[in-house]
Every structure is written in structure tokens, then in C-alpha cells.
Amino acid sequence: MKKLFLLGVFAIGFANLSNAQDIAENAIGLRLGDSDGFGTEVSYQRALGGNNRLEVDLGWRSGNNYDGFKLAGLYQWVWNIEGGFNWYAGAGGGLGSYSFDNYKNEKDYNDTFAFIAGDVGIEYSFDFPLLLSLDFRPEIGFGDVNDDLDFDIALGVRYQF
């Protein structure tokens, strides 16, 4: 009897988890955050199934003594909370490059790095084609300058189509 009860509980839980809201086929916009000086990223999301999607973000930054870019790709799972609210989690990685002029008052310096990332967030899809999200993305970098754990928190504003 206990086994049948546990099987029923797992079946109901799985049915609730897999009951995701349909997500937009495409969404494009901006991801406004800050991690190692990259700030705003252009963000594109593409649905891969009922509750899965791919997100690709390109960030670039330019200052008096540096230039840089970062390209991230993440696979995400999306679950409906209620109404237009969803939460999501994902994993992925990317690569980037820095170029410093007069690095530490010595010479010019360039660094290319790779990173792995996780992603967890919450989003709201309005009745019109606007998607707002807030997410947390820890990143582990593999490079000379970007060789540690960074935490990136960002607000996403995207047009859905």
C-alpha cells in the first residue's frame, strides 16, 4: 500500500512539474546586469519545445583603457508558477575576450577566456508581447584575468514574437 501511495504522489508531482505554460517561439531584447564590467547584453531566446529554450547573450563593453566582449549560451527549462509567471533554470557556457591598454601601469594586455554558467530566474509574460525577467547567473571563468567565480544578477526586457 505504501508503494502505491508513493507512486501516486510521484505521478501527481511529475504531472504538476510537466504542466508548463507555452513559452514564446522567439524573444529578443536586453539583459541589464553587471558582471566583470559587461553591463548590458543583447539577448535572444528561442523555444525548443513546450518548456525548453535556448538563450544566447552578447555583451560588450568599452572604456578608456579596455575593450571586451562576452558571448553566453544557455539551455533553460521553464515551469509555470501561475498566470503569466514562470520560473526557469538552466546551464551553459561561453567565451569572451578582454583587451587592456596600460594594464597595471605596465603594458597592453589581451586575454581570451571560457566560462561555464548556471542560471535561475523568474519571469512575467504580459498579455501583449513583453517579457520581464530577473535572473541570477553564477559563472566560473577559465582565463588569466577571468579565473574565478562571478555572480551576475540581471533584469531582462524582451519583445516576444
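None of these values were measured; they are calculated from a predicted model. (Residues numbered from 1 in each chain as written. Predicted model: local features only at pLDDT ≥ 70, side-chain atom pairs only at ≥ 80, totals over all residues. Heavy atoms only, no water.)

### Structural notes on the overall build of the protein chain
At step 1: For the protein chain, the count of helices and strands is one helix and eight strands.
At step 2: Shown N-terminal to C-terminal, the secondary structure of the protein chain runs as helices and strands in the order α-β-β-β-β-β-β-β-β.
At step 3: Of all 161 residues assigned to the protein chain, the portion counted as buried reaches 34%.
At step 4: For the protein chain, long-range pairs separated by at least 24 residues make up 50% of all intrachain contacts whose partners lie at least 6 apart in sequence.
At step 5: Total accessible area on the protein chain is roughly 9500 Å²; 64% of this is exposed by carbon and sulfur atoms. (Helix = DSSP H or I, 4+ residues; strand = E, 2+ residues; numbered from the N terminus. Buried < 20%, exposed > 50% of the residue type's maximum accessible area, 1.4 Å probe, protein only. Contact = heavy atoms within 4.5 Å. Areas by Shrake-Rupley, 256 points an atom, 1.4 Å probe, with all protein chains shown as cover.)

### Some thoughts on the nonpolar core
At step 1: Listed in full, the eight residues of the largest apolar core are Ala72, Leu74, Tyr98, Phe100, Tyr109, Phe113, Phe115 and Ala117.
At step 2: Top element by residues in this core is strand 6 (residues 107–125). It accounts for four residues. (Core = buried A, V, L, I, M, F, W, Y, C linked by side-chain atoms within 4.5 Å.)

### Regarding the side chain of arginine 137
At step 1: With respect to the helices and strands, the residue arginine 137 is situated in strand 7 (residues 130–142).
At step 2: A relative accessible area of 0% means that arginine 137 is categorised as buried.
At step 3: Looking at arginine 137, its side chain comes within polar contact range of the side chain of glutamate 55, at 3.4 Å.
At step 4: A distance of 2.7 Å separates the side chain of arginine 137 from the side chain of aspartate 57, its partner in a polar contact.
At step 5: Ignoring sequence-local partners within four residues, the contact set of arginine 137 consists of Arg31, Glu41, Glu55, Asp57, Ala72, Leu74, Ala117, Gly118, Asp119, Asp150, Phe151 and Asp152. (Polar contact = N/O pair within 3.5 Å; in protein donor to acceptor, adjacent residues only side chain to side chain.)

### A look at the confidence of the model for the protein chain
At step 1: This prediction gives the protein chain a mean pLDDT of 85; 83% of its residues lie at or above 70.
At step 2: In this model residues 13–20 is a low-confidence stretch, pLDDT under 50, and it forms six contacts with partners more than four residues away in sequence or in other chains. (pLDDT = per-residue confidence, 0-100.)

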